[in-house]
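One-letter residues, chain by chain:
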Amino acid sequence: MANILIVEARFYAHLNDLLLEGATAAIKKAGHGFEVVTVPGALEIPGAVALAAESGRYDAYVALGVVIRGETYHFEIVAGESARGLMALSMDGVAIGNGILTVENEAQALARARPSEKNKGGEAAEAALAMLALQSKFG
């Protein structure tokens with residue numbers, strides 16, 4: 001049984017609740033355990049994963065958050081830098097599933113977050129578990 005850490009940005013709590021529902025269901029279905037930690041926003045997710053990875057307490061990580069385009073360039077910075085940070089960790093061998101939604105509006109976020117629709121939280125958990133399996137295979 002693997003120990004998975006879910007790192008979630010609670011900036012849009014109602015959307016993250018849906019992502020978290022999908023992620024936890026996928027992890028439970030696979031027979032693994034999990035913990036959840038919360039960070040303020042998507043930019044803090046890679047840093048939290050890096051800190052947790054250094055601890056050696058977790059086998060894989062699920063990143064959950066929502067970034068909705070606004071009126072300023074901030075969207076591009078948050079979306080790009082959070083993805084870049086997670087990819088850098090992944091390239092260093094950390095098993096991560098990226099469930100940070102980057103969308104134009106709340107309707108798109110809802111469709112992607114709902115477990116009954118696109119279930120991106122569940123998909124991110126499944127991706128983390130797939131990367132963990134690869135890590136075991138090649139490690």
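As a reminder, the structure under discussion sits directly above these lines.
Residues numbered from 1 in each chain as written. Predicted model: local features only at pLDDT ≥ 70, side-chain atom pairs only at ≥ 80, totals over all residues. Heavy atoms only, no water.

Enquirer: Any chance you could explain the overall build of the protein here in plain terms?
Expert: Per the secondary structure count, the protein includes 5 helices and 4 strands. Listed N to C, the secondary structure of the protein is β-α-β-α-β-α-β-α-α in terms of helices and strands. Compactness check: the protein gives a C-alpha radius of gyration of 14 Å against a globular reference of 14 Å for 139 residues, within 12% of the reference. Considering only C-alpha atoms, the protein reaches an extent of 45 × 30 × 20 Å along its principal axes. Here the protein holds 139 residues, and the buried ones make up 45% of them. Residue pairs at least 24 apart in sequence account for 77% of intrachain contacts in the protein once pairs closer than 6 positions are excluded. Looking at charge distribution, the protein has the averaged site of its 11 positive side-chain charges lying 6 Å from that of its 16 negative ones. (Helix = DSSP H or I, 4+ residues; strand = E, 2+ residues; numbered from the N terminus. Rg over C-alpha atoms; globule rule 2.2 N^0.38 Å. Buried < 20%, exposed > 50% of the residue type's maximum accessible area, 1.4 Å probe, protein only. Contact = heavy atoms within 4.5 Å. Lys, Arg positive; Asp, Glu negative; His and termini not counted. Charge placed at Lys NZ, Arg CZ, Asp CG, Glu CD.)

Enquirer: What's the story with the packing of helix α1 (residues 13–29) against helix α5 (residues 120–138) in this structure? I'm lost.
Expert: Angle between the axes and distance between the axes: these two values describe a pair of packed helices. Between α1 and α5, whose axes approach to 6 Å, the crossing angle comes to 40 degrees. By the angle between their directions, the pair α1 and α5 is classed as oblique. Viewed along their axes, α1 and α5 form a crossing whose handedness is right-handed. On α5, the residues that touch Leu19, Gly22, Ala23, Ala26 and Ile27 of α1 are Lys120, Gly121, Gly122, Ala125, Glu126 and Leu129. Looking at the contact of α1 with α5, its residues break down into 6 nonpolar, 3 polar and 2 charged. (Axes fitted to C-alpha atoms, helices over the stretch in contact; angles between N-to-C directions. Parallel < 35°, antiparallel > 145°, perpendicular 65-115°, else oblique. Left-handed = near helix turned anticlockwise from the far one by under 90°. Nonpolar A, V, L, I, M, F, W, Y, C, P; charged D, E, K, R; others polar.)

Enquirer: Explain α1 here, please?
Expert: Because an α-helix packs 3.6 residues into every turn, residues spaced three or four apart end up facing the same way. Taking 1.5 Å of rise per residue, 17 residues should cover 24 Å, and α1 covers 24 Å from first to last C-alpha, within 8% of that figure. Taken together, the buried positions of α1 are Leu15, Asn16, Leu18, Leu19, Leu20, Gly22, Ala23, Thr24, Ala26 and Ile27. Buried residues along α1 sit against β1 (3–9), β2 (33–39), β3 (60–68), β4 (96–103), α4 (106–113) and α5. A positive phi of about 85 degrees marks Gly31, the residue just after α1. (Expected span 1.5 Å × (residues − 1).)

Enquirer: Please clarify how the sheet that holds β2 should be interpreted in this entry.
Expert: Reading across from one edge, β2-β1-β3-β4 is the order of the 4 strands in this open sheet, with parallel pairing throughout. Strands at the two margins of the open sheet, each flanked by one partner only, are β2 and β4. The average angle at which neighbouring strand axes cross in this sheet is 15 degrees, direction not considered. Pairing geometry for β3 and β4, over 8 bridges, is parallel. For Ala63, the partnering residue across the bridge sits in β4 and is Asn98. Running over the sheet, helix α3 (residues 74–91) touches β3 and β4 and is turned about 170 degrees from β4. Along the sheet, α5 makes contact with β1, β3 and β4, crossing β4 at roughly 150 degrees. (Pairing = 2+ DSSP bridges.)

Enquirer: Teacher, can you tell me more about the side chain of Thr24 here?
Expert: Mapped onto the fold, Thr24 is located in helix α1. Accessibility expressed as a relative area gives 13% for Thr24, which makes it buried. Excluding residues that lie within four positions of it along the chain, Thr24 makes contacts with Ile6 and Phe34.

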